[in-house]
Amino acid sequence: MPGSLRRPSVVSRVSDLIGYTPLLELAATETGSRLLLKLEMFNPTGTAKIRMARQMITDAEERGELRAGGRIIESTSGNTGLGLAVIAAERGYTFTAVVDNHAAVDKLRAMKALGAELVHVVDDGTDELATAAREELAEEMARGQDNTIFTEQHNNPSNGVGYFPVAHELHEALDGRLDVLVGAVGTGGGLCGTARELRTLIPGFTTIGVEPKGSIAFGGPAHDYYQSGTGTPEGAPIGALVDFGLIDEGAKVGDVEAFATCRAVARTGLLIGGSAGGVVHEALTRLPGLPPGTTMVALINDGGEKYMDTVFNDDWMRARDLLDPAAEREVDELLTKLRGNR
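Rules behind the numbers
- Residues numbered from 1 in each chain as written.
- Predicted model: local features only at pLDDT ≥ 70, side-chain atom pairs only at ≥ 80, totals over all residues.
- Heavy atoms only, no water.
- UniProt positions renumbered as here; feature names shortened; annotations may be inferred.
- Helix = DSSP H or I, 4+ residues; strand = E, 2+ residues; numbered from the N terminus.
- Contact = heavy atoms within 4.5 Å.
- Expected span 1.5 Å × (residues − 1).
- Buried < 20%, exposed > 50% of the residue type's maximum accessible area, 1.4 Å probe, protein only.
- Arc of directions from axis to C-beta.
- Pairing = 2+ DSSP bridges.
- Axes fitted to C-alpha atoms, helices over the stretch in contact; angles between N-to-C directions.

- Looking at an unreviewed UniProt entry, one finds the protein chain named Cysteine synthase and attributed to Streptomyces avermitilis.
- The Cofactor (unreviewed entry) field of the UniProt record for the protein chain holds the comment "pyridoxal 5'-phosphate".

What follows is the structure, given as structure tokens:
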């Protein structure tokens with residue numbers, strides 16, 4: 001990616017606004033270590049996943065698998081679907097999103113507004129995660145259909161390639177100084193794609209993957225969780241893009257801690273999504289123990305605006321035993337202490 005990463009002042013397509021997302025210093029220590037957030041909610045659709053959505057479609061076009069007037073099918077919890085809906089609208093494709101009710105309602109509404117067809121794998125009103133069933137249905141719908149692709153984000157190499165620009169943006173913004181990279185592990189594309197390319201640019205940094213408690217990529221026990229768009233639930237295969245050779249440490253953060261972090265960070269003026277709360281919780285917990293002068297970057301995959309009915313809704317949280325004022329106070333106190341050192 002030669003040349004400057006600055007965006008031109010005028011663009012002609014929404015997808016031209018992808019990338020160039022800012023870094024925000026959230027916290028720092030007295031010894032000069034700092035936590036920077038890579039704010040991917042500044043992409044169109046408010047999420048990182050539009051990066052890989054564009055890459056998957058571009059590569060399918062170049063292989064001749066998708067032609068004018070074609071159809072895209074994907075199993076999604078929301079953010080990938082939003083990205084694919086934008087790219088489909090721009091390029092004249094039909095997009096079908098196979099979804100379950102675990103997805104945030106606002107994500108489903110936004111996909112429909114962008115022209116996507118929604119197919120619910122279960123439509124009984126439950127909000128259980130049904131990743132395996134979604135994948136099976138999406139694959140079945142695409143099988144044997146002309147000019148139709150199942151983008152299969154969990155196993156599509158283009159997913160990881162779509163995040164290579166993140167590595168170049170970090171390298172340029174930080175003048176090559178990055179010591180710790182922290183990110184959520186779902187499909188594996190975001191963290192592992194960024195880490196793979198970043199290793200060609202910056203030597204010696206540590207990569208920490210974060211998944212919800214209940215997810216199985218870093219081992220069990222398996223159980224339900226409410227952090228959407230991340231992790232590997234029981235019964236679903238670990239995605240081919242989860243490259244354990246690129247992840248130095250795996251960590252698990254529970255829903256209570258992740259969502260408490262979202263709510264505490266909101267009181268600093270920043271809304272982040274549920275899985276991003278898990279990433280920030282892990283990063284904040286580690287920050288005070290890092291060597292002096294460490295630069296840690298946390299990948300923030302989406303903003304909190306899509307979670308007003310869930311993470312930021314006291315009734316929804318209370319009904320699921322996720323509301324924990326003591327956990328929020330603990331994060332508040334840590335943030336107050338660390339933000340005073342900036």
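We are not done yet, so read on.
### Looking at the environment of alanine 222
Piece 1. Looking at where alanine 222 falls in the secondary structure, it is placed in the loop between β8 (206-212) and β9 (249-253).
Piece 2. A sequence separation of 87 residues divides alanine 222 from aspartate 309, and the C-alpha atoms of the two residues are 26 Å apart.
Piece 3. Excluding its chain neighbours within four sequence positions, the residues that come into contact with alanine 222 are Gly214, Ile216 and Glu234.

### Focus: helix α4 (residues 131-142)
Piece 1. With 12 residues, α4 extends 17 Å from end C-alpha to end C-alpha; this agrees with the ideal 16 Å at 1.5 Å per step.
Piece 2. Burial in α4 covers these residues: Thr131, Arg134, Glu135, Ala138, Met141 and Ala142. Buried positions in α4, seen along its axis, are confined to an arc of 135 degrees and lie on one side of it. Facing away from the buried side of α4, by more than 90 degrees, are the exposed residues Glu136 and Glu140.
Piece 3. Where α4 is buried, its residues contact β3 (71-75), β4 (94-99), β5 (117-120) and β6 (148-150).
Piece 4. Remark: glycine 144 follows α4 within two positions and exhibits a positive phi of approximately 75 degrees.

### Section: the sheet that holds β6
Piece 1. With respect to topology, 4 strands assemble into an open sheet ordered β5-β4-β3-β6, the strand pairing being parallel. Of all strands in the sheet, those with a lone pairing partner are β5 and β6, marking the two edges. The sheet shows a mean angle of 20 degrees between the axes of neighbouring strands, taken without regard to direction.
Piece 2. The sheet contact formed by β3 and β4 spans 5 bridges and is parallel. Each bridged residue has a counterpart across the sheet, and for isoleucine 72 the counterpart in β4 is phenylalanine 95.

### Here we look at the environment of glycine 176
Piece 1. Secondary-structure assignment places glycine 176 in the loop between α6 (164-173) and β7 (180-184).
Piece 2. Using a relative accessible area of 27% as the deciding quantity, one classes glycine 176 as partly exposed.
Piece 3. Spatially, the C-alpha atoms of glycine 176 and threonine 261 are 29 Å apart, while their sequence positions differ by 85 residues.
Piece 4. Contact partners of glycine 176, with chain neighbours within four places excluded, come to His171 and Ile202.

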